[in-house]
Amino acid sequence: MHDYVGGKSDWAVHRLPLEGRTAGRRRAIDIARKDIPTCGPRERLGDVRDQVRAAGHDVCIVVNERGIVLGRLRRDCWDNEPNAATEDCMELGPPTDRPDKFLTEVIDRLRKIGSLLVTWYGSEEDGGRLVGVLFRADVERVLEENERLPC
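Below: a short report on this structure. (Residues numbered from 1 in each chain as written. Predicted model: local features only at pLDDT ≥ 70, side-chain atom pairs only at ≥ 80, totals over all residues. Heavy atoms only, no water.)

Quick notes on the nonpolar core
Line of reasoning, step 1. Counting residues in each nonpolar core, the largest one holds 16 residues, and the members touching the most others are Ile31, Leu103, Leu110, Val118, Leu134 and Val139.
Line of reasoning, step 2. Of all elements in the fold, only helix H2 (28-31), helix H4 (103-113), strand E6 (115-120), strand E7 (129-135) and helix H5 (136-148) reach the threshold of two or more residues within this core.
Line of reasoning, step 3. Broken down by element, this core gets its largest block of residues, four residues, from H4.
Line of reasoning, step 4. Residue contacts for Leu110: discarding those within four places in its chain leaves Ser115, Leu116, Leu134, Phe135, Arg136 and Val139.
Line of reasoning, step 5. Within the second largest apolar cluster, 11 residues are counted, among which are Leu45, Val52, Cys60 and Val62. (Core = buried A, V, L, I, M, F, W, Y, C linked by side-chain atoms within 4.5 Å. Buried < 20%, exposed > 50% of the residue type's maximum accessible area, 1.4 Å probe, protein only. Helix = DSSP H or I, 4+ residues; strand = E, 2+ residues; numbered from the N terminus. Contact = heavy atoms within 4.5 Å.)

Right under this line is the structure:
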C-alpha cells in the first residue's frame, strides 16, 4: 500500500480515477477549456493579438516560463500600442479556482464574473500553474444536462 501525498486536487489534475460518494460529480478540471492561448509577459502585444485572433479567441492568459499565471489579456487590450509588452496591459490577479472544485460550488461565482482560471497548486514552485479556463456557459450547460439525467 502507498500513500499519495499530492492530495485530491493533484489527483484530479492528473485525471486519475476517483472513488467514493462524489466520484460521479463533475469538477472544474472536467470541463475547463485547455485550448486558451497563453503568452509571456514580455511578448509584443500586437503579435499576441494577431495570434489570439487567428486562434478564434479574444482572451490570452499571461504565464511565466513554468506556466504560472501572471495575468490575463482581455479584448480591451487589443487596441493598445502594438509594440507594448503584454505585461503593460494585463489584468493582474484574475479570478482563479482549484481543479477539484465541483461545478455546483463554482456556478454562483461564475454567474457574477463569467469565467475563472483553473490553476493548480501542486507545490510552492508550481503555485498557480494554469490548467484551463472555466466559462459560465459551459458549466450551466453541464449542470442542466445532469439535471435531465435519470436518477
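Description of the pairing of strand E2 (residues 60-63)
Line of reasoning, step 1. Residues Cys60 and Val62 point to one face of E2 and Ile61 and Val63 to the other, with burial holding for every one of them.
Line of reasoning, step 2. Where E2 lies against strand E3 (residues 69-73), four bridges are found, and the strand directions are antiparallel. Bridging from a neighbouring strand, Ile61 pairs with Arg72 of E3.
Line of reasoning, step 3. Where E2 hands over to E3, the hairpin turn is made up of five residues, of which Gly67 adopts a positive phi near 85 degrees. (Pairing = 2+ DSSP bridges.)

Structural measurements only, silent on function.
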